[in-house]
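# An overview of the molecular structure
Each chain, written out:
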2 protein chains.
Amino acid sequence: MEQRLSLISLGVKDMANSRAFYEKLGWVASASSTADVTFFQLGGLILGLYGLGALAAEAGQSPGSGFDGITLAHNARSKAEVDTLLAEAKAAGGQILKPAEEVFWGGYSGYFADPDNHAWEIAWNPFFPIADDGTISMPD
Amino acid sequence: MEQRLSLISLGVKDMANSRAFYEKLGWVASASSTADVTFFQLGGLILGLYGLGALAAEAGQSPGSGFDGITLAHNARSKAEVDTLLAEAKAAGGQILKPAEEVFWGGYSGYFADPDNHAWEIAWNPFFPIADDGTISMPD
């Protein structure tokens, strides 16, 4: 697995309120944001705000069951690499939270938990290009 | 607050085991790592593994009390900026978890929680330089 991070997703209870908080700090949300997700480009990675329940379900977890309320994502360069990286995580002692599958937003992703139950998504996302240096960016 | 992230810290129960997991994925820990913290340089940011209890205490939280087990850090360019950013976070509706103070590792830092209790550290760290583009790096 390349030594890089693509996205951090924070679970939120009230999207408008949480988005407004970060905007009050001076941050500008990406035009890729929707009613269900707010994206902020942070240098070469992306911070997303998602509904807490939706985020937990995505990661095959339930809120309150030790779920952090935060997920980390490593975007792969191909669908095949998603499968490879999840297999590597399992072989290293990680727990597969959700096998890779086609997902509603048009990508392909699965989740593993590290030894401390921190949830990592391994995703192929054709809409967020990965540069040679591993940074990712959203379309303008 | 500049729109960038400096560090992500994951709380761990068994440092050797958790460090070994990421190393099995092919990651190489920084020479700045110690018995108490393992650092991985991920492009322009740093992922750190810390003891869960120590991380919670750092952030003025206790494990199990809704603490994520993860903290995010935004490194400021000066001590004065730490104070400014914490005041901005408070004015935006954030909760101060720990006022800024001199810390044992030689920096100056405080914590706030966003509306969903995600903990952010605002830190001045003279040992991890911040580049003009906002990325940070550890000494070799």
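## Focus on the sheet that holds strand 3 (residues 45-51) of chain A
Sheet strands associate in pairs through backbone hydrogen bonding, adopting either a parallel or an antiparallel arrangement. All names here are of chain A. Reading across the sheet, the seven strands line up as 2-3-1-4-7-6-5 and stay open at both edges, with mixed pairing between neighbours. Looking at the sheet topology across the chains shown, the edges are occupied by strand 2 (37-42) and strand 5 (95-102). Neighbour-to-neighbour, the strand axes of the sheet open up by a mean angle of 20°, direction not taken into account. By the bridge criterion, five bridges tie strand 4 (residues 70-75) to strand 7 (residues 119-124) in an arrangement that is parallel. Within strand 7, the residue paired with Thr71 across the bridge is Ala119.

## Topic: the pairing of strand 7 of chain A
All names here are of chain A. When you tally the buried positions in strand 7, you get six out of six residues, the bulk of the element. The alternating pattern of strand 7 places Ala119, Glu121 and Ala123 and Trp120, Ile122 and Trp124 on opposite faces, both of which are buried. Bridge count for strand 6 (residues 108-113) against strand 7 is six bridges, and the pairing is antiparallel. By the bridge assignment, Gly110 is partnered in strand 7 with Ile122. Connecting the antiparallel pair strand 6 and strand 7 is a turn made up of five residues, with Asn117 showing a positive phi of about 65°.

## Some words on helix 1 (residues 15-24) of chain B
All names here are of chain B. Taken together, the buried positions of helix 1 are Ser18, Phe21 and Tyr22. Buried residues along helix 1 cover an arc of 90° about the axis, so they all sit on one side. Of the surrounding secondary structure, the elements contacted by the buried residues of helix 1 are strand 1 (7-12), strand 2 (37-42) and strand 3 (45-51). Residue Gly26 follows helix 1 closely and has a positive phi angle near 105°.

## Overview of the relation of the copies chain A and chain B
Relative to chain B, chain A is turned by 180° and slid 0.0 Å along the rotation axis, the superposed coordinates differing by an RMSD of 0.0 Å. The superposition operator between the copies reduces to a two-fold rotation axis. The position closest to the rotation axis in chain A is occupied by the C-alpha of Asp68 of chain A, lying 2.2 Å away. Looking at the interface residues of chain A, 100% of them are also at the interface in chain B, so both copies use one shared face.

## Side note on the environment of His74 of chain A
Residues and elements named next belong to chain A. Summarising the element assignment, His74 is placed in strand 4. The spatial distance from the C-alpha of His74 to the C-alpha of Leu7 is 6.9 Å, given a sequence separation of 67 residues. Ignoring any residue separated from it by four or fewer positions in sequence, one finds His74 in contact with Met1, Arg4, Leu5, Ser6, Leu85, Trp120 and Ile122.

## So, helix 3 (residues 79-91) of chain B
Residue and element names in this part refer to chain B. Under the 1.5 Å per step criterion, the end-to-end length of helix 3 is 19 Å for 13 residues, consistent within 8% with the ideal 18 Å. Buried within helix 3 we find Val82, Leu85, Leu86 and Ala89. Down the axis of helix 3, the sector holding all buried residues measures 100°, keeping them to one side. Those residues of helix 3 that are exposed and aimed more than 90 degrees away from the buried face are Ala80 and Ala91. Buried residues along helix 3 sit against strand 4 (70-75), strand 5 (95-102), strand 6 (108-113) and strand 7 (119-124). Count one or two residues on from helix 3 and you reach Gly93, which has phi positive near 105°.

## Examining the interface of chain A and chain B
Quoted interface sizes are often the accessible area lost when the parts come together. With 38 residues of chain A at the contact, the number on the chain B side is 38 residues. Looking at side-chain class alone, the side of chain A that touches chain B contains 17 nonpolar, 13 polar and eight charged residues.

## With respect to unusual backbone geometry
Comment: phi is negative for the bulk of residues other than glycine, and the bulk of peptide bonds are trans. Residue and element names in this part refer to chain A. Phi is positive for Asn117, which is not a glycine, with a value near 65°. Assignment of secondary structure puts Asn117 in the loop between strand 6 and strand 7. Taking the number of C-beta atoms within 10 Å as the measure of exposure, Asn117 has 15 and is therefore partly exposed.

Calculation criteria
Residues numbered from 1 in each chain as written. Chains lettered and ligands numbered in written order. Predicted model: local features only at pLDDT ≥ 70, side-chain atom pairs only at ≥ 80, totals over all residues. Pairing = 2+ DSSP bridges. Helix = DSSP H or I, 4+ residues; strand = E, 2+ residues; numbered from the N terminus. Axes fitted to C-alpha atoms, helices over the stretch in contact; angles between N-to-C directions. Buried ≥ 20, exposed ≤ 12 C-beta atoms within 10 Å, placed from the backbone. Arc of directions from axis to C-beta. Contact = placed C-beta atoms within 7 Å. Least-squares fit on C-alpha atoms with pLDDT ≥ 70 in both. Expected span 1.5 Å × (residues − 1). Nonpolar A, V, L, I, M, F, W, Y, C, P; charged D, E, K, R; others polar.

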